[in-house]
Every structure is written in C-alpha cells, then in structure tokens.
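Now for the letters of each chain:
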Amino acid sequence: MTTYYLTTPIYYVTAKPHLGHAYTTIIGDALARWHRLLGDDVHFLTGTDEHGQKVQDYADAAGKSAQDFVDEIAPLYEQAWQRLNISNDDFIRTTETRHKLGVAELLQRCYDAGDIELDVYKGKYCVACEEYYTDDELDPGDLCKIHKRPVEYYEEENYFFRLSRFEQRLLDWYAAHPGVIIPEFRANEALGLIRGGLRDFSVSRTSLKWGIPLPWDAKHVAYVWFDALANYITAIGFGSDDTTEFDKWWPARHLIGKDIIRHHCVYWPAMLISAGIEPPAGWAVGGWLLSGGEKMSKTSGNVVNPLDLIDDIGVDGFRYYVLAETTYGQDGDFTYEGLIGRYNSDLANNLGNLLSRVATVVDKKCGGIGPAPRADSPLATAAATAYEATAEGWVTVQPSRALDATWQLIRATNAYLESNEPWKAEPGPAVDTVMGDALEALRIVAILASPAVPATSQIVWERIGLSGDINDQRLPVAAQWGGYPGGLSVTKGEPLFPRR
Ligand SMILES: [Zn+2]
C-alpha cells in the first residue's frame, strides 16, 4: 500500500487560529481525504509551535507561566480543526516529551557530524520573525519586510549550523529529484536561494529560557528552526527507541507558505542530510490568503476568524470557498462578497439545485424510487472526463482545478436535465432513463466532491438512497459509470445550501 505522509506547518501559538491557518489546514485535509479515497495509507499531521522568546513575552505580559500560556492556546487550534472537519491523524505540540527527545537527537547528530559549531553572531534581528537579516533583505529604515517594524542590533555567542557547506550537496540533491517542489516557479525560487550563496544560521540562544536545551551544552537553548522543523520527524517517533512509525512514514510531503521556502526547502533538507536522514518527498508551496490585499496579522488589524464565517455559511460552504477560490501557489484575497458569491453560484445554484431537482422529479414521476442509469448515457463520458481532471487536480495540489473539474459534471448534468425536461414528461421509461443517469452522475459527484465538502457529500449519498460511509469508497473503481444500482428510495429533504 502506498504511504502518504502529509504535514502542514505548525502554527505559532502567539496568534489564535485565523483564516491563514485554516487555509493551509483545509487544503491539507482535502488532500489527505483524496489520498484516502485512492486507498493510500495516509498520515496527516498538524500541530502547534510553542517555544521561543515571543511566547515567553506573551506569557509574561499575561502574568502566566509559558507552559500555562501554551496550554490555553494549543487547544483552540485543536477545537478549530474539529469544527472545520479536519481529519488529521495526529496533532504535535512542540512542548511534548516526544518532540523534545527527537529535537535533542537531531541536534546531537548534526553536532557529531561536525556541522554545528560555536561562533559569535552580530547582526540586525527582527524579534517578530526571530531572524537575523542582511541590509538588502530589509526595507528602508531597517524595517522588517514582513512586519514593517524596525529590526534590532544583536551580538551574542551562538551555535551555528554550517549551512554554507551544503550548497553543492543541496543542488545535487535537487538535480536528482526534479519536481519535488511545486509549483515550479517556487522551485526556481528555492534553487535561486541556494545558488545565491548560503550563510550559516544560528541554532541556539543563551538569552532564551523557554525552549529545548542543547544536549551537549545546556546553557544554550535550541532556537526556532531546529525546534520547529523537527516536528515533522519527532511526531512519527524520531528520537524514540521504537522507529517503526518513522520508518513507515518518512519522508513526508510538506505543505508550506511562500514565506517559509528558505527554511523548509534550504535549511531543512541540509539539516536532514547532515543527520543522515533522507530529505522530504515533496513540498507544495502556497501563496498567502490575503485580507484586504495584506497578509493577515494582528498588527494589520485584518484578522478574519474562520469560526465566525462558518456560523454564517456552514463548514462546507467555507471549506469549498477556501479550496475553489484561489489557485494554489498564488496569493488569494479573501472577501466576504466573494465567499457569498461562490456559495450562491457553485453550491446553491449548481450542486444544491441539482440534488433538489433530481429528488423532486424522482418523487413525482418515479414514485420516489431511483431508477438505474443506462450504460451508454451521454453523461458517462462527462463523468469519465471529470474523474480524470479531478484526479489530476488533486494529485498536482491544485484544489481549485480539481473542484472545477468535478463541477463540470454537475453543470453537464443540470444541462442534460434542462434539455430533456423530465419534469414536463409523463412518468414512464423515458423519464426513468434520464433520472437514472442523473442519479448516477450525482453519486459520482458526491464521491469526487467529498474531499472538499465531506459532510455534504455524505448527505447527497444518503438522499439518493445509498448506505454506508462515503469515505469507504475507493477510486478509481467507485468513479466508474454504472455504480448506482437503482431501486433505492430517494429523499427530498431540506435544501443543501439555502441561498444567501
Ligand atoms: Zn519580521
């Protein structure tokens, strides 16, 4: 069985879950669900990043211990993902023992390899990014490009990871693994960073207390990257005595945002190579879901809470919008009008309307019993095309294309009903034929749409008389024309997506 280990970035607990976090997590969930339909053995990981100076500062400001602070925030993420119907198999918190053990092991291996050394660091540092920057990486006035705030001058003794030694090894590795970073223009960005020359980066702080001590020098605490990136291996047992899970799942496929390419596609594979671990199997790099044209952040005051939106539009309405609206890899801009527009056009007028029409006509003209489809239906070709293009969209991490392909089948079925007008015909074989075809198209649509709108797909499944959990369907067989058996009770029910 093919294993498919997928990760989201872990989210830093100084912010509560917002639309930006939900965006990546929903994409990961839909991909995980698609791969489960394919019969892959899937492990989908998300979690929270809980160490660092900023967490300590937030905790101090709130008059709490850092541990109490993170213990209050981390569950907000777990709860948000439950409400958004996220099917993660694990949730890693970087304050867990399993993580601390694995980070210590990773550090020790790189230290033993001679790739971590003590040195003095001087430079301009953005406290919000927890990152040193060179002058050409800053905006005029020494402002951080991301946070638009002034950086500070720091000088301290740190351990450094000798990234500069990995330039050729990384280029060779990437040359031997074409296509591991998608979309391609993001791969070019990562290769450009490597070719532009690599600087050693700091892996420890003595000023920092809230973190994981270096195993060979406990005055130093691991800082940001060795702590955060390691979650992808510590969650599956790296650093424990039992490596069964690690051996089974690694290497992972990472979903990341475009702002963390350097860390995930340059630092991380170099760290792994140093430690004698295979680099990741792939990276899919997304843009930002902007709000009012800017990256969502507390300082910009444009934070959208996804949980407020699902009160308005429903979980599946929100999930569908996030997946369908933006081309993965490009930036998207969230607007409330866009959310409502997509909901009305694609969900209410297309999918919702199709189910309602079919159920109404089957009720009136077929005695409420769904007829079987015919083998040579004109919709059979549309269904085959939709399946191919939907599969291609998911496998290439282009959810908007996958959904557009699935929705082509919905549109084709609505058009088929409009040209045949079964609602005007007398009950009989002609109506039965048309309705059997439409029911079969709906069965296939329900399966293909289920990674995006899982609860809705289950409802469609049951309304057309099918039983069992739609998640138990297996592709490609389940998408082949002719699976609707006929003779099942079709239920009208409430509208799936009342117009807004
Ligand atoms: Zn910054």
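Attention here is on the structure that accompanies the text. Since the structure is predicted, the reported quantities are computational estimates derived from the model, not experimental observations.

Thresholds, definitions, all that
Residues numbered from 1 in each chain as written. Predicted model: local features only at pLDDT ≥ 70, side-chain atom pairs only at ≥ 80, totals over all residues. Heavy atoms only, no water. Helix = DSSP H or I, 4+ residues; strand = E, 2+ residues; numbered from the N terminus. Rg over C-alpha atoms; globule rule 2.2 N^0.38 Å. Buried < 20%, exposed > 50% of the residue type's maximum accessible area, 1.4 Å probe, protein only. Patch = residues over 30% accessible without salt bridge, like charges linked within 9 Å, V, L, I, M, F, W, Y side chains within 5 Å. Areas by Shrake-Rupley, 256 points an atom, 1.4 Å probe, with all protein chains shown as cover. Salt bridge = Lys/Arg side-chain N within 4 Å of Asp/Glu carboxyl O. Lys, Arg positive; Asp, Glu negative; His and termini not counted. Charge placed at Lys NZ, Arg CZ, Asp CG, Glu CD. Core = buried A, V, L, I, M, F, W, Y, C linked by side-chain atoms within 4.5 Å. Contact = heavy atoms within 4.5 Å. 1 Å grid on protein atoms, 1.4 Å probe; cavity = no way out; pocket = protein on both sides within 12 Å on 5 of 7 lines; lining within 4 Å. Points joined across faces, edges and corners; volume = space filled by probe spheres on them. Nonpolar A, V, L, I, M, F, W, Y, C, P; charged D, E, K, R; others polar. Pairing = 2+ DSSP bridges. Expected span 1.5 Å × (residues − 1). Arc of directions from axis to C-beta. Right-handed = clockwise from strand over helix to strand, strands pointing away.

Within the chain one finds 17 helices and 20 strands. Radius of gyration (C-alpha) of the chain: 26 Å, near the 23 Å computed for a compact globule of 500 residues. Projected onto its principal axes, the C-alpha coordinates of the chain cover approximately 85 × 45 × 40 Å. Sorting the 500 residues of the chain into buried and exposed places 57% on the buried side.

We now examine a negative patch on the surface. Among the surface-exposed residues, Asp-241, Asp-242, Glu-245 and Asp-247 lie close enough to one another that they form a single negatively charged patch. With respect to the helices and strands, Asp-242 occurs in the loop between helix H8 (231–234) and helix H9 (244–249). The exposure class of Asp-242 is partly exposed, given its relative accessible area of 48%.

Our next topic: the nonpolar core. In this structure, Trp-81, Phe-318, Val-358, Met-435 and Leu-475 are the most contacted members of the largest nonpolar core, which totals 103 residues. With near-sequence residues (within four places) excluded, Val-358 lies in contact with Leu-417, Met-435, Ala-438, Leu-439 and Leu-442.

We now examine empty space enclosed by the protein. On inspection of all chains with the given rule, the structure shows one cavity of 30 Å³ or more. Computed from the structure, the largest cavity encloses a volume of approximately 40 Å³. Forming the walls of the largest cavity are Leu-351, Leu-442, Val-445, Ala-446, Ala-449, Val-453, Thr-456, Ser-457 and Val-460. Those elements that provide at least two residues to the lining of the largest cavity are helix H16 (429–449) and helix H17 (454–463). Looking at the lining of the largest cavity residue by residue, the classes come out as seven nonpolar, two polar and no charged.

Strand order in the open sheet made by the three strands is S12-S14-S13, with antiparallel pairing throughout. Taken across any chain shown, the strands that pair with only one partner, and hence form the sheet edges, are strand S12 (204–205) and strand S13 (213–214). Pairing analysis gives two bridges linking S13 to strand S14 (residues 217–222), with the strands arranged antiparallel. Bridging across to S14, Leu-214 finds its partner in Asp-217.

Two residues of an α-helix separated by three or four positions point the same way, owing to the 3.6 residues in each turn. The first and last C-alpha atoms of helix H6 (residues 184–195) sit 16 Å apart over twelve residues, in line with the 16 Å expected at 1.5 Å per residue. Taken as a whole, H6 has its buried residues at Arg-186, Ala-187, Ala-190, Leu-191 and Ile-194. Seen end-on, H6 carries its buried residues on one side only, within an arc spanning 140 degrees. Positive backbone phi, at 100 degrees, marks Gly-197, one or two positions downstream of H6.

The next point concerns the pairing of strand S16 (residues 282–286). Residues in a regular strand project their side chains so that they alternate between the two faces of the sheet. When you tally the buried positions in S16, you get five out of five residues, the bulk of the element. Residues Gly-282, Ala-284 and Gly-286 line one face of S16 and the alternating positions Trp-283 and Val-285 line the opposite face, and both faces are buried. By the bridge criterion, two bridges tie strand S10 (residues 181–182) to S16 in an arrangement that is parallel. Within the sheet, the bridge partner assigned to Ile-181 lies in S16 and is Trp-283. Assessed by its sense of winding, the connection that carries the chain from strand S15 (residues 253–257) through helix H10 (residues 261–274) to S16 is right-handed.

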